[in-house]
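One-letter residues, chain by chain:
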Amino acid sequence: MAIERTFSIIKPDATRRNLTGKVNAMLEAAGLRIVAQKRIHMSRAQAEAFYGVHKARPFFNDLCTFMTSGPVVVQVLEGENAVAKNREVMGATNPANAAEGTIRKVHAESIEANSVHGSDSPENAATEIAYFFAGTEIVG
């Protein structure tokens, strides 16, 4: 098993409902450590650059609008196989398909307002972490 880092966002639907602590508790209960965290209000330019891989997709504009609609909490999580572990605790993108006890099953409002984002690979985690955090902000 490898200790690795992954990137997580607690999305505007969850911060609006004051669920940051509950989501963090679920992440920590799954064995992930929060080694960096900050609450930000993402700008449109930040959202468009961060989600640039989806630029040609029909949901891109709505996604950027949603992600800039309120504060988010960006985080670096650390643990054994952190990318896979975070994706497991998040649950399926569509909360209707998410396993019982996952963040999305418990807290998501819809497939769009699904409370959390998590990196899908160690490579993307490194890119996403670097987008929001300087190395000095990550305290293991």
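Higher on the page you've got the structure.
Residues numbered from 1 in each chain as written. Predicted model: local features only at pLDDT ≥ 70, side-chain atom pairs only at ≥ 80, totals over all residues. Heavy atoms only, no water.

**Section: the nonpolar core**
And step 1. By size, the foremost hydrophobic cluster in this structure holds 22 residues, and its most contacted members are Phe7, Ile9, Met67, Val74, Phe132 and Phe133.
And step 2. If one sorts the elements of this core by residue count, helix 4 (residues 60–67) sits on top with 5 residues.
And step 3. Excluding anything up to four places from it in sequence, Phe132 contacts Phe7, Lys38, Ile40, Met42, Gln46, Phe50, Val74 and Glu137.
And step 4. With 14 residues, the next largest nonpolar core counts Leu19, Leu27, Met90 and Val116 among its residues. (Core = buried A, V, L, I, M, F, W, Y, C linked by side-chain atoms within 4.5 Å. Buried < 20%, exposed > 50% of the residue type's maximum accessible area, 1.4 Å probe, protein only. Helix = DSSP H or I, 4+ residues; strand = E, 2+ residues; numbered from the N terminus. Contact = heavy atoms within 4.5 Å.)

**Regarding the pattern of salt bridges**
And step 1. Across all of its chains, the model carries 8 salt bridges by this definition.
And step 2. Here Glu78 and Arg33 are joined by a salt bridge, their closest N and O atoms 3.2 Å apart. Of this pair, Glu78 sits in strand 3 (residues 72–80) while Arg33 sits in strand 2 (residues 33–40), and the two are 45 residues apart along the sequence.
And step 3. The exposure class assigned to Arg33 is partly exposed, which follows from its relative accessible area of 43%.
And step 4. In this structure, Arg44 and Glu48 form a salt bridge, with 2.9 Å as the shortest nitrogen-oxygen distance. (Salt bridge = Lys/Arg side-chain N within 4 Å of Asp/Glu carboxyl O.)

**A short note on helix 2 (residues 20–29)**
And step 1. Buried within helix 2 are the following residues: Thr20, Val23, Asn24, Met26 and Leu27. Within helix 2, the buried residues cover an arc of 160 degrees as seen down the axis, which keeps them to one side. Opposite the buried face of helix 2, by more than 90 degrees, sit the exposed residues Lys22 and Ala29.
And step 2. Following helix 2 by one or two positions, Gly31 adopts a phi angle in the positive range, close to 95 degrees. (Arc of directions from axis to C-beta.)

**A look at the sheet that holds strand 3**
One key point about sheets: their strands pair by backbone hydrogen bonds, in either a parallel or an antiparallel sense.
And step 1. Strand order in the open sheet formed by 4 strands is 2-3-1-4, and the pairing between neighbours is antiparallel. Across the chains shown, the open sheet's two edge strands, defined by having one partner strand only, are strand 2 and strand 4 (116–118). Going from strand to strand, the sheet's axes swing by 20 degrees on average, the running direction of each strand aside.
And step 2. Judged from the 3 bridges that link them, strand 1 (residues 3–10) and strand 4 form a sheet pairing that is antiparallel. Across the sheet, Ile9 pairs through a bridge with His117, a residue of strand 4.
And step 3. Across the sheet, helix 7 (residues 122–132) touches strand 1, strand 2, strand 3 and strand 4, and the angle it forms with strand 1 is around 55 degrees. (Pairing = 2+ DSSP bridges. Axes fitted to C-alpha atoms, helices over the stretch in contact; angles between N-to-C directions.)

**Concerning the layout of surface pockets**
And step 1. The volume enclosed by the largest pocket comes to roughly 790 Å³.
And step 2. Contributing to the lining of the largest pocket are 26 residues, with Tyr51, His54, Phe59, Leu63 and His117 lying nearest its centre.
And step 3. Considering every element that reaches the lining of the largest pocket, the biggest residue donor is helix 7, with 4 residues.
And step 4. Of the residues that constitute the lining of the largest pocket, the class distribution is 10 nonpolar, 8 polar and 8 charged. (1 Å grid on protein atoms, 1.4 Å probe; cavity = no way out; pocket = protein on both sides within 12 Å on 5 of 7 lines; lining within 4 Å. Points joined across faces, edges and corners; volume = space filled by probe spheres on them. Nonpolar A, V, L, I, M, F, W, Y, C, P; charged D, E, K, R; others polar.)

No statement about biological role is implied by the geometric values presented.
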